[in-house]
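Survey of secondary and tertiary structure
The chain contents come next:
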Amino acid sequence: MVWKNMRKAILAALSVGIFSLVTPDRASAAFNTDLVGRAAITSFGEMLWALEFPPVVDETDKVWVLTGPDGDAAFWWRREAKPGRMFDAYLCFDAEPFVNAGLDLSKLPGHMKGMLDDRGKLMVGKKLSGKPLEYDGEITPLSSFEQIVRLDRESVGYHSALDHYGITVADGSLFEWAKDMSKNDKDIVFVIDPKIFIDAGVDPLKVEGWAYAKVPLEDARGRKFDAEKFLKPFDLK
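Residues numbered from 1 in each chain as written. Predicted model: local features only at pLDDT ≥ 70, side-chain atom pairs only at ≥ 80, totals over all residues. Heavy atoms only, no water.

**Points about the pairing of strand β7 (residues 164–170)**
Burial analysis of β7 places five of its seven residues in the buried class, the great majority of the element. Taken together, the four bridges between strand β6 (residues 156–159) and β7 define a ladder with antiparallel strand orientation. Paired with valine 156 across the bridge in β7 is isoleucine 167. Counted along the chain from β6 to the antiparallel partner β7, the turn is four residues long, and its residue aspartate 163 has a positive phi close to 55°. Relative to strand β8 (residues 173–178), β7 is paired through six bridges, and the arrangement is antiparallel. Bridge pairing in β8 links isoleucine 167 to phenylalanine 175. In this antiparallel pair of consecutive strands, β7 and β8, the connection spans two residues, and glycine 172 shows a positive phi of 80°. (Buried < 20%, exposed > 50% of the residue type's maximum accessible area, 1.4 Å probe, protein only. Helix = DSSP H or I, 4+ residues; strand = E, 2+ residues; numbered from the N terminus. Pairing = 2+ DSSP bridges.)

Next up, the structure:
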């Protein structure tokens, strides 16, 4: 019933085509002209609508958890402010495929040591700005994502090669979703930078459940280049 109500709220927002940020009297003129930011919010709402299983709340960390259809990887993002929380946006995924492919946990970089939790999960993530969260109405997965666009706009971007929007959770690691799911067979994609894992002994071609491939990217100046990534894509429709 809760998810049905949330889906109705998402549909209502989509039907008017506008996701106004909270406290509109404080909304900046920059947002009104930010086509990428606004479209990222709209497409994120459409992606949420297409999910078979809704994001759930982790009451301990006060975050939303969107788990991929295979249950192996999840995107977590801040729902409420919580002092001392290590990450506000992160990917959480099973360590076993990486360990089976040669991962030596002791060789992970310092910031990742101890990131293997008691569920056998690894995490890569980042802290977001410490600016106050300001909700107007019900707190939903979409309104929490809207907070990221409002407060941490540099984390959200557009990947033209795959026609995806995405949020960067760590250098080279992202959660992406299709701009238009009707034209894309990769509706959501978990993207992991492979370097730290290869440096820690992983054979990238042996990580079960993840594709290892070159992805076309652009730098800040629009120059194109390819970069290897671990990818876990899903078609929701």
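**Describing helix α5 (residues 141–151)**
Counting buried residues in α5 gives ten out of eleven residues, a clear majority hidden from the surface. All of the buried residues in α5 are Pro141, Leu142, Ser143, Ser144, Phe145, Glu146, Gln147, Ile148, Val149 and Leu151.

**Some words on helix α3 (residues 35–50)**
An ideal rise of 1.5 Å per residue puts 22 Å on 16 residues; α3 measures up with 23 Å between its terminal C-alpha atoms. Three or more residues of α3 are buried, namely Gly37, Ala40, Ile41, Ser43, Phe44, Gly45, Met47, Leu48 and Ala50. (Expected span 1.5 Å × (residues − 1).)

**Notes on the pattern of salt bridges**
Counted by the stated rule, this structure contains 14 salt bridges. Notably, a salt bridge pairs lysine 62 with glutamate 59, separated by 3.3 Å at the nearest N-O pair. A salt bridge links lysine 121 to aspartate 94; the nearest nitrogen and oxygen atoms lie 2.4 Å apart. You can see lysine 121 sitting in strand β5 (residues 121–126) and its partner aspartate 94 sitting in strand β4 (residues 89–94), a full 27 residues away along the chain. (Salt bridge = Lys/Arg side-chain N within 4 Å of Asp/Glu carboxyl O.)

**Comments concerning the nonpolar core**
Ranked by internal contacts, the top residues of the largest apolar core, which has 47 residues, are Phe44, Met47, Phe93, Phe175, Trp177 and Phe197. Broken down by element, the residue count for this core peaks at six residues, all from α3. In this structure phenylalanine 93 touches Asp72, Ala73, Phe98, Gly120, Lys121, Leu122, Val124, Ile192, Phe197 and Trp210, once residues within four positions along its chain are discounted. Grouped together as the second largest cluster of nonpolar side chains are eight residues, Val65, Ala74, Phe87 and Cys92 included. (Core = buried A, V, L, I, M, F, W, Y, C linked by side-chain atoms within 4.5 Å. Contact = heavy atoms within 4.5 Å.)

**A look at the layout of surface pockets**
Taken as a whole, the largest pocket encloses approximately 550 Å³ of empty space. Lining of the largest pocket is provided by 28 residues; of these, Tyr158, His159, Leu174, Leu217 and Glu218 occupy positions nearest its centre. Of all the secondary-structure elements, those providing two or more residues to the lining of the largest pocket are β6, β7, β8, β9 (188–192), β10 (211–218) and β11 (224–234). Top element by residues in the lining of the largest pocket is β11. It accounts for five residues. When the residues that make up the lining of the largest pocket are grouped by side-chain class, the tally is 15 nonpolar, seven polar and six charged. (1 Å grid on protein atoms, 1.4 Å probe; cavity = no way out; pocket = protein on both sides within 12 Å on 5 of 7 lines; lining within 4 Å. Points joined across faces, edges and corners; volume = space filled by probe spheres on them. Nonpolar A, V, L, I, M, F, W, Y, C, P; charged D, E, K, R; others polar.)

**Focus on the packing of aromatic side chains**
Applying the stated criterion across every chain, the model contains 19 aromatic pairs. Relative to tryptophan 77, the ring of phenylalanine 75 lies with its centre 4.9 Å away and its plane at 10°, an arrangement referred to as stacked. The exposure class assigned to tryptophan 77 is buried, which follows from its relative accessible area of 0%. Through a chain of ring-to-ring contacts, three or more aromatic side chains come together here, namely Phe44, Phe75, Trp77, Phe145, Phe175, Trp177, Phe190 and Phe234. (Phe/Tyr/Trp six-rings, centres within 6.5 Å; stacked < 30°, edge-to-face > 60°.)

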